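As a plain string of letters, each chain reads:
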Amino acid sequence: MGLLSDPVRRRALARLVLRLNAPLCVLSYLAGIAWFLALAFPPLTQRTYMSENAMGSTMVEEQFAGGDRARAFARDFAAHRRKSGALPVAWLERTMRSVGLEVYTQSFSRKLPFPDETHERYMVSGTNVYGILRAPRAASTESLVLTVPCGSDSTNSQAVGLLLALAAHFRGQIYWAKDIIFLVTEYDLLGTEAWLEAYHDVNVTGMQSSPLQGRAGAIQAAVALELSSDMVTSLDVAVEGLNGQLPNLDLLNLFQTFCQKGGLLCTLQGKLQPQDWTSLDGPLQGLQMLLLMVLRQASGRPHGSHGLFLRYRVEALTLRGINSFRQYKYDLVAVGKALEGMFRKLNHLLERLHQSFFLYLLPALSRFVSIGLYMPAAGFLLLVLGLKALELWMQLHEAGVGLEEPRGSPGPSAQGVGLASLVAPLLISQAMGLALYVLPVLGQHVAAQHFPVAEAEAVVLTLLAIYAAGLALPHNTHRVVSTQAPDRGWMALKLVALIYLALQLGCIALTNFSLGFLLAATMVPTAALAKPHGSRTLYAALLVLTSPAATLFGSLFLWRELQEAPLSLAEGWQLFLAALAQGVLEHHTYGALLFPLLSLGLYPCWLLFWNVLFWK
Amino acid sequence: MAAAMPLALFVLQLLGPGGWCLAEPQRDSLREELVITPLPSGDVAATFQFRTRWDSELQREGDTDHYFLRYAVLPREVVCTENLTPWKKLLPCSSKAGLSVLLKADRLFHTSYHSQAVHIRPVCRNARCTSISWELRQTLSVVFDAFITGQGKKDWSLFRMFSRTLTEPCPLASESRVYVDITNYNQDNETLEVNPPPTTTYQDVILGTRKTYAIYDLLDTATINNSRNLNIQLKWKRPAENEFPPVPFLHAQRYVSGYGLQKGELSTLLYNTHPYRAFPVLLLDTVPWYLRLYVHTLTITSKGKDNKPSYIHYQPAQDRLQPHLLEMLIQLPANSVTKVSIQFERALLKWTEYTPDPNHGFYVSPSVLSALVPSMVAAKPVDWEESPLFNSLFPVSDGSNYFVRLYTEPLLVNLPTPDFSMPYNVICLTCTVVAVCYGSFYNLLTRTFHIEEPRTGGLAKRLANLIRRIRGVPLL
């Protein structure tokens, strides 16, 4: 419709954008941050409510009373595990069979791309054991999963005990309409991933595993359980899954309903719920929890084995029993009753959980912020990039107009920018990104041979080396292809970089708001400021401080600060290195996307701004 | 729901009169029997069979024309009490006398397995088949679960199973018997004790294994004793350790693989556990049209090698008219697992075509496997009229193998589903888009362009033009 719009009025608008650009940008950025901070306050947070009819009004009476049985199972399990030093597969099989389940095992093996130093794993081979409770007279079309991930250390035996006691109790009931799968996995998340891949008969991560013998139709929901003591003071719930995916909010509501019914103390992010939302205290606590959730979601790691179920569209969450120094404690019966209640209500489901929100933020267990309310925060931040890009486009346009003809159409002037000069920096920064993605894992053996480091260290150090080398490399290249007008060169490059960044951040914010927002909040200001004039050292320092790696580093500090366990710089550095290794590993073992996203998308984009800064 | 019969379980058989009914049947007869099979796991299976035959006036023209064979499935439906009541009404003695007094709904649905069937077929009345009778065969199989119904105990009696005992035979029945499987699982000694002790036993080869049955004939007055009821009790002599019934030679499993809402794969695993005999299986798959099958992705592998089916019949689906039909004859090697998989794409339905509960998923009917399974023990051909009814559930063709038809589990597949709570938003968005498009197009089409001369002359020029117009001279 450009033909019909009034050019005079458009020019006026353009002039306004150009003249007020800086204040508009600042305003927009501040509005974005302020909006985000305001999310924890009542008009923007709402109370959660159960949307699913099938789980709402129906009353359930919990009858689980197998506390002693659970403890006995747990003791036996722990003893057998200590004796064999691994998951006591035969014992589990026998016990599951004795409580009346259909038992199967699955063996899997995986060679990690490089040794995992935090979990002390490299060549992994284990066995998952699962028992299926077949719903009477049903055709095994739907199922629910209760899973306990068992790591290499001897934790979680109480969870296995409770799982077996619950299985025994569930087996005697007539009302089940869906099959229930009781799954005990070895090597916690690796086992879960192997089982899920085999269940869905896909191979996403290069896991070698034996095919499953028994299946139970489409899995509707899953609950992962982690318990390491006979008594618990509180139950912590984790929702953040792989790549920041979240389960349907109704599942969390369900958990909360049974927390309230059983009088259990339930926490989110390991923190108690703020009670008083009318004064300033509650929302401030809520903000703290909101930030914790944003950091956890942005990391894209599965926080518990439930996180891996989400990829297969299985709503899942992890319950963790916490045993702290609080006076009042609950025994396994209370936890078992909550689980029984949840499973009975999930058993009532007619459709998959779909009624409630899939995209939300939680400032407390009973409060949430829906996507419609938190998206503007990211929108305002991205608007800065848009405004800056508009300004650059107009400047380029006017410069072009000035050169060629006094009253031309807007089309041809863009060619005057010299797009050829942009090809080299773009290609080089993308190549750096590719190197960052491929080389550390590929060259770990070479590095380990030539330098006195282990493979895992080699990967991390190569990662950092390539990252730093990227800073030195590209800004020297433009001289070769430099064009006639130096100013227009960097402006065009910055324009492209701004649009590239805005697109990437927009896409990320849509799928994983937390990550998108964190990156936007850090990268946007310096991206908008970057130019090859003024005090370059200041700009360079700013740019380095807001690079993706620095954001990760800062996030670690913020994370520990919010958890009230502040880090020293040295600890922080160690944690940072570990986080890098974990990030790469999780990409290879579970398919987490944060590492490729940063290395192939945001790092090259950030290099472009670095390039702009050192344009000559 | 009430009228919808679960067709998956009510198999209507319209077979020709050839088959295995050679002897002349009796006129208007009823035979009823109950087979009780205790399993070492502690569960117990009970199968009722009622066969009614009558000389009918139903017309039949020539042989069954195979072009008119129909197969239909409603995988969504589950059998419940409302299916049992009309089924019971078909019995000559209803549930008043004979074996059918045991058919108490609340017990039959307190089981872990329930299957109900009706078979109808014509049978020849004489060797030359000049006139026919009709046969109505009703079967009901249930499995009582030691964990749910038995509360952990493995000893059963008729009363514990059905909360009834047998008191009298159905007066219309020509045969009314209870068979109890007392086959020894261990060779050394008896494992199962039956009370009251049976008067006669019966031995036969069922599903390829030799079985021994204790027989209680209700028409025999001695069976129903002085207290005028028969309560058969089963007692395991030794506490049966957790041993499993032998795995059947042919079994199958079906599942959907893949994730996401675009593509998927239907996989069927066919197990042949026979140690040394291979046998062919006829696999019949009907898949709804909204799963668009990619036939070129059909792969059949057994023991890691490609298995080429000896016969394939494929009839592609037509949208909204007919489902895919895929029929294959596959040779299953001995002691192997054969995987049949085919990829599909999930179609997007019209918004009125979704069921009221679209997020539940859409059902895909079970595959049907038909096979002649080789038996371990050679069975002698028997006279169908003389032998028990359960014998003909798995008919033996030539003594070395028996016929089995298996149904795999139905599948639940999620299709891409629109958010049905969104119509309002959709309407708003559509209206906005239409308004914007319409406005600008209207603008584009109706606006006219003229070149406006800058007004320079002012009043004098206008006056001059006025005069010129009057004079008919071109304007300035």
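Residues numbered from 1 in each chain as written. Chains lettered and ligands numbered in written order. Predicted model: local features only at pLDDT ≥ 70, side-chain atom pairs only at ≥ 80, totals over all residues. Heavy atoms only, no water.

(A) Region of the structure containing the interface of chain B and chain A. Contacts between the two partners involve 33 residues from chain B and, on the opposite side, 32 residues from chain A. Buried surface at the junction of chain B and chain A, both sides included, amounts to about 2800 Å², of which 58% is carbon and sulfur. One can count two salt bridges joining chain B with chain A. Remark: the boundary between chain B and chain A carries 14 residue pairs in polar contact (both at pLDDT 80 or more). Secondary-structure elements contributing two or more residues to the side of chain B that touches chain A are strand 3 (113-124), strand 11 (250-257), strand 12 (263-272) and helix 4 (423-446) of chain B. Examining the composition of the side of chain B that touches chain A, we find that three residues originate from one element, strand 11 of chain B, more than from any other. Here the side of chain B that touches chain A is built from residues that sort into 16 nonpolar, twelve polar and five charged. (Contact = heavy atoms within 4.5 Å. Buried area = accessible area lost by both parts, 1.4 Å probe. Salt bridge = Lys/Arg side-chain N within 4 Å of Asp/Glu carboxyl O. Polar contact = N/O pair within 3.5 Å; in protein donor to acceptor, adjacent residues only side chain to side chain. Helix = DSSP H or I, 4+ residues; strand = E, 2+ residues; numbered from the N terminus. Nonpolar A, V, L, I, M, F, W, Y, C, P; charged D, E, K, R; others polar.)

(B) Spatial organisation of the side chain of A:Gln273. Residue and element names in this part refer to chain A. You can see Gln 273 is positioned in the loop between strand 9 (266-268) and helix 9 (281-299). Only 3.3 Å separates the side chain of Gln 273 from the backbone nitrogen of Ser 366, close enough to count as a polar contact. If we skip the residues at most four places from it in the chain, Gln 273 touches Gln 256, Cys 266, Ala 364, Leu 365 and Ser 366.

(C) Focus on the state of the cysteines. Residues and elements named next belong to chain A. By the definition in use, this model includes two disulfides over all chains. The disulfide that involves Cys 259 links it to Cys 266, with 1.7 Å between the sulfurs. With the S-S dihedral at roughly -80°, the linkage between Cys 259 and Cys 266 falls on the left-handed side. The class for Cys 259 is buried, based on a relative accessible area of 4%. Free cysteine: Cys 25, not disulfide-bonded; nearest cysteine sulfur from Cys 605 at 16 Å. For Cys 25, a relative accessible area of 8% gives the class buried. (Disulfide = S-S within 2.5 Å. Buried < 20%, exposed > 50% of the residue type's maximum accessible area, 1.4 Å probe, protein only.)

(D) Summary view of the sheet that holds strand 4 (residues 142-150) of chain A. Residues and elements named next belong to chain A. Read from one edge of the open sheet, nine strands run 6-2-3-5-4-7-10-8-9, paired in mixed fashion. What marks the edges here is a single partner per strand, and that holds for strand 6 (208-209) and strand 9. Alignment of strand 4 against strand 7 (residues 218-226), held across six bridges, turns out to be parallel. Following the sheet pairing, Thr 147 is matched in strand 7 by Ala 224. (Pairing = 2+ DSSP bridges.)

(E) Summary view of the environment of A:Thr462. All names here are of chain A. The topology assignment puts Thr 462 in helix 15 (residues 455-472). As a C-alpha pair, Thr 462 and Ala 497 span 35 residues in sequence and 26 Å in three-dimensional space. Setting aside residues no more than four positions away along its own chain, Thr 462 makes contact with Pro 440 and Ala 447.

(F) Examining the sheet that holds strand 11 (residues 360-364) of chain A more closely. All names here are of chain A. With antiparallel pairing, three strands are arranged side by side in an open sheet as 1-12-11. Edge positions in the sheet fall to strand 1 (46-47) and strand 11, since each has one partner strand and no second. Taken together, the two bridges between strand 1 and strand 12 (residues 367-370) define a ladder with antiparallel strand orientation. Within strand 12, the position partnered with Arg 47 by the bridge is Arg 367.

(G) Structural detail: the pairing of strand 3 (residues 121-133) of chain A. Residue and element names in this part refer to chain A. Inspection of the sheet shows strand 2 (residues 102-116) paired to strand 3 by eleven bridges, in the antiparallel sense. By the bridge assignment for strand 3, Phe 108 is matched with Gly 126. Taken together, strand 2 and the strand that follows it, strand 3, pair antiparallel across an intervening segment of four residues, in which Glu 120 is found at a positive phi of about 55°. Here strand 3 runs beside strand 5 (residues 179-186); their pairing, made up of five bridges, is antiparallel. Among the inter-strand pairings, Tyr 130 is bridged to a residue of strand 5, identified as Leu 183.

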